[in-house]
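Summary of the model geometry
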Amino acid sequence: MNDALTILQERGFVQQCTDFEGLSKLMDEGPVTFYIGVDPTGPSLHIGHMVPFFALRHLRDAGHRGIALLGGGTARIGDPSGKTEMRKLISYEAIDENTERVVKQLDRFVGFDGVHALTANNKDWLANLNYIEFLRDIGRHFSVNRMLSFEAYRIRMETGLSFIEFNYQLLQSYDFLQLYKRYNCRLQIGGDDQWGNIVSGIELIRRIEGAECYGLTFPLVTTSDGKKMGKTEKGALFLDPEMTSPYEFFQYFRNVSDADVLRFLLMFTFLPVEECRRLGSLKDAALNEAKERLAWEVTSLIHGKEEADKALAAARAAFRGEGDATQLPTTEIDRARLEAGIGALDLFVASGLAPSKNEARRLIQQGGASVNGRKIEDERQVFSAKDMVEGAMMLRAGKKRVARVVVKKERQNT
RNA sequence: GGGGAGAUUCCCGAGUGGUCAAAGGGGGCAGACUGUAAAUCUGUUGGCUUUCGCCUUCGAAGGUUCAAAUCCUUCUCUCCCCA
């Protein structure tokens, strides 16, 4: 089998392939151009979106050429795959803005050099499509009967599927055709929920161009307890540091289940396979070493080494008391407010550890709140400057959430 | 266009005039147990004050009533059937 494909398979990327042998042969013959579609439907990608891009790097490093296709056109209608409800339509301006941000994020990770990795936007050929021509040239190749038999549409037969979404598959197929014509793109990779769309693109190319293209899908990454990977209390694990701080990002991976460590090391890091296996086979408490490594590696890939180091230092400070506490999430508080004395409830709300006073109260009543390592017994306890240790108070909510509170620096008058 | 069903707190889903901040489940949070894991058990889960209490919430806006998530009117949206 082709080397690059072997790597993907070894690392757990392969879910389905339209023609494994054919693809392997094609890749053996020389560099293959492939693409990944991304819908700019939000302001930031999350870790789940990155699986195909990890694969892209593996393939690129093996000499192949990857295209990140931004769905600036398709985002205008919404992909029904994997959704149980109709997607909200997003304004064109928002899509363009998202596209710009997403490209920037991907560029950090992939590095679009225009040679081995490049971007394209399907807005370029979709935005001004002529409806009648499209129906004659493309639409006639699609059978509604067949489309309805696809899982993605079948689920939606229950809850309702609008015509606009029903067209998504045609557009995505058309994308593949365009990329084939423009870049000689022969392979589409993506999440397994894209299988139906990928296959129909391949068929379309076969019918119109008489050429054989390929599709390869990756498993939808879930955690061992069946949840979608990358989901946190606050929503998804975003790449944007404003939306998910590097520390939170790090902690997510630091806290994965034992059963997920090996799988995640293989998919979300570029550590050699043997090293992943070694780390993944550690037992019991020793496995924590592997989790720490995993967290550092992924954070470093997404946010850079510096941020990864900081997150690691903060985590060690929070949980072992030996790292750098100043790297923990820190909140500033007005000097005046502190001098007047701040109640425990307000303190926890101000630190962001509790969204409301009621929650802060609950936290304290249930014994989950502490300041400087001392459990708060009475919610009416008041804190002031004398409770600062080395210029900061360390608040803890539960076992895992930590915040540091410092006095706001005196503002220079303007 | 005609007919029918529906919109409930983070999600699913009960609730058809007061006893409803609203059952139950899921999820979340906290505690115990631990390895910053999983599983399990317990508690908790709108806001403000905790003492009584007050405020906001049941698609939107009005109305009836001492009193509405529950009744009426209009509107918006979703689904189903017929055309």
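Reading guide: rules and limits
- Residues numbered from 1 in each chain as written.
- Chains lettered and ligands numbered in written order.
- Predicted model: local features only at pLDDT ≥ 70, side-chain atom pairs only at ≥ 80, totals over all residues.
- Heavy atoms only, no water.
- pLDDT = per-residue confidence, 0-100.
- Helix = DSSP H or I, 4+ residues; strand = E, 2+ residues; numbered from the N terminus.
- Phe/Tyr/Trp six-rings, centres within 6.5 Å; stacked < 30°, edge-to-face > 60°.
- Buried < 20%, exposed > 50% of the residue type's maximum accessible area, 1.4 Å probe, protein only.
- Lys NZ or Arg CZ within 6 Å of the ring centre and 35° of its normal.
- Pairing = 2+ DSSP bridges.
- Contact = heavy atoms within 4.5 Å.
- Axes fitted to C-alpha atoms, helices over the stretch in contact; angles between N-to-C directions.
- Expected span 1.5 Å × (residues − 1).
- Domains from an automatic or database assignment.
- Near = heavy atom within 4 Å.
- Polar contact = N/O pair within 3.5 Å; in protein donor to acceptor, adjacent residues only side chain to side chain.
- Salt bridge = Lys/Arg side-chain N within 4 Å of Asp/Glu carboxyl O.

Brief notes about the confidence of the model for chain A
The predicted structure's coordinates, where accompanied by low pLDDT, should not be read in detail. Here chain A averages 90 in pLDDT, and 92% of its residues register 70 or above. No element of chain A has a lower mean pLDDT than strand β7 (residues 231-232), at 60, and none a higher one than strand β3 (residues 65-70), at 98.

Description of the packing of aromatic side chains
Scanning the entire structure with this criterion turns up twelve aromatic pairs. Relative to Tyr-174, the ring of Phe-134 has its centre 5.3 Å away and its plane inclined at 85 degrees; by these criteria the two rings are edge-to-face. Remark: Tyr-174 occurs in helix α10 (residues 168-183) and Phe-134 occurs in helix α6 (residues 131-137); sequence separation between them is 40 residues. With a relative accessible area of 7%, Phe-134 lands in the buried category. Aromatic rings pair up to connect Phe-54, Phe-109, Phe-249, Tyr-252, Phe-253, Phe-264, Phe-268 and Phe-270 into one cluster. Looking at Arg-57, its charged tip hangs above the ring of Phe-109, at a distance of 4.9 Å from the centre.

Examining the pairing of strand β9 (residues 330-333)
What you see with β9 is a clean split: Thr-331 and Ile-333 sit on the buried side and Thr-330 and Glu-332 on the side with no burial. As defined by bridge partners, β9 adjoins strand β15 (residues 401-407) across four bridges and the pair is classed as parallel. Bridge pairing in β15 links Thr-331 to Val-405.

A few points about the sheet that holds strand β5 (residues 185-191)
Pairing is mixed in the open sheet, where six strands are placed in the order β1-β6-β5-β2-β3-β4. Two strands lie at the open edges of the sheet, namely β1 (16-17) and β4 (117-121), each paired on one side alone. Alignment of β1 against strand β6 (residues 214-218), held across two bridges, turns out to be antiparallel. Looking at β6, one finds that Cys-17 is bridged to Leu-216. Contacts from helix α3 (residues 51-61) reach β2 (33-38), β3, β4, β5 and β6, with the element oriented near 165 degrees to β2. Across the sheet, helix α11 (residues 195-209) is in contact with β1, β5 and β6; its angle to β6 comes to roughly 170 degrees.

Details of helix α15 (residues 287-303)
Along its 17 residues, α15 runs 24 Å from first to last C-alpha, staying within 8% of the 24 Å computed at 1.5 Å per residue. In terms of burial, α15 is largely enclosed, as 14 of its 17 residues are buried. Taken from the residues just after α15, Gly-304 is the one with a positive phi, measuring 100 degrees.

Side note on the domain arrangement of chain A
According to the domain assignment, chain A contains domain 1 (3-218), domain 2 (231-327) and domain 3 (330-407). Computed over C-alpha atoms only, the centres of domain 1 and domain 3 are separated by 48 Å.

As for the protein's contact with RNA strand B
In the vicinity of RNA strand B lie 33 residues, with Arg-254, Asn-255, Asp-258, Lys-357 and Arg-361 positioned nearest. Of what RNA strand B places within 4 Å of the protein, 63% of the atoms are sugar or phosphate. Taking Ala-397, its main chain carries an N or O atom lying 3.4 Å from a phosphate oxygen of RNA strand B. Between RNA strand B and Lys-399 there is a distance of 3.3 Å, counted from a phosphate oxygen to a side-chain nitrogen or oxygen.

A look at the pattern of salt bridges
In the structure shown here, the tally under the stated rule is 20 salt bridges. Between Asp-258 and Lys-291 there is a salt bridge, with the nearest N and O atoms lying 2.7 Å from each other. With a gap of 33 residues between them, Asp-258 in the loop between α12 (246-254) and α13 (261-268) and Lys-291 in helix α15 connect regions that are remote in the sequence. The shortest N-O distance in the salt bridge between Asp-260 and Arg-263 comes to 2.8 Å. Linked by salt bridges that have partners in common, Glu-275, Arg-278, Arg-293 and Glu-297 make up one network.

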